[in-house]
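Structural characterization, general
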Amino acid sequence: MTHAPEPGIPGDLSVFETSCAYCGARFRVLVVQAAPGSASQSYACPECGKSYRTQAAAAPHVQLLRRRSDGRIDQYQDTMF
Ligand SMILES: [Zn+2]
């Protein structure tokens, strides 16, 4: 059974899983679909705090699925260097 991603209907809840590009943690993101062209919302990796953006009608909810895999304990810093 294939499960192709479908374009969201505004107001519908959309769920996707992603891995943090910085620390490797895996988490699930729940977003309320926004109408096309609406502003994006930010959400943060639950392990390192790195922020991401996605188009959503409200602030996304994040559930940690797997701890970070990089062995570090630092928080992601946007302005570190
Ligand atoms: Zn992270």
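Right above here is the structure, for reference.
Notes on the structure in this doc start here.

Each value, and the rule that gives it
- Residues numbered from 1 in each chain as written.
- Predicted model: local features only at pLDDT ≥ 70, side-chain atom pairs only at ≥ 80, totals over all residues.
- Helix = DSSP H or I, 4+ residues; strand = E, 2+ residues; numbered from the N terminus.
- Buried ≥ 20, exposed ≤ 12 C-beta atoms within 10 Å, placed from the backbone.
- Contact = placed C-beta atoms within 7 Å.
- Core = buried A, V, L, I, M, F, W, Y, C linked by C-beta atoms within 7 Å.
- Pairing = 2+ DSSP bridges.
- Axes fitted to C-alpha atoms, helices over the stretch in contact; angles between N-to-C directions.

Turning our attention to the overall build of the protein chain. A tally of regular secondary structure across the protein chain gives 0 helices and 5 strands. In sequence order, the secondary structure elements of the protein chain are arranged as β-β-β-β-β. When each of the 81 residues of the protein chain is scored for burial, the buried share is 14%. Within the protein chain, contacts between residues separated by at least 24 positions form 48% of all contacts whose residues are at least 6 apart in sequence.

Our focus in this paragraph is the nonpolar core. If you look at the biggest cluster of nonpolar residues, it comprises 5 residues: Cys20, Cys23, Ala25, Phe27 and Cys45. Excluding residues within four positions of it along the chain, alanine 25 makes contact with Ser19, Cys20, Cys45, Pro46, Glu47, Leu64, Arg66, Arg67 and Arg68.

When you line up the elements, tyrosine 52 lands in strand β4 (residues 51–55). Assessed through the 16 C-beta atoms surrounding it within 10 Å, tyrosine 52 is described here as partly exposed. Along the sequence, tyrosine 52 and alanine 21 sit 31 residues apart, while their C-alpha atoms lie 9.9 Å from each other.

A few words on the sheet that holds strand β5 (residues 61–66). Taken in spatial order, the 3 strands make up an open sheet running β1-β2-β5, and their pairing is antiparallel. Looking at which strands have only one partner, the edges of the open sheet turn out to be β1 (13–19) and β5. Direction aside, neighbouring strands of the sheet carry axes that sit 20° apart on average. Relative to strand β2 (residues 26–32), β1 runs antiparallel, the two sharing 7 bridges. Of the residues in β2, the one forming a bridge with leucine 13 is valine 32.

Looking now at the pairing of β4. As defined by bridge partners, strand β3 (residues 40–44) adjoins β4 across 5 bridges and the pair is classed as antiparallel. Within β4, the residue paired with serine 40 across the bridge is glutamine 55. Between the end of β3 and the start of β4, which pair antiparallel, lie 6 residues, with glycine 49 showing a positive phi angle near 85°.

Further remarks concern the environment of cysteine 23. Residue placement: cysteine 23 occurs in the loop between β1 and β2. Setting aside chain neighbours within four positions, we find cysteine 23 in contact with Cys45, Glu47, Cys48, Arg68, Asp70 and Arg72.

What follows covers the environment of proline 36. As for its placement among the helices and strands, proline 36 is situated in the loop between β2 and β3. Residue proline 36 is classed as exposed on the basis of its C-beta count, with 9 C-beta atoms lying within 10 Å.

Fair warning: the whole summary comes from geometry, so function is off the table for now.
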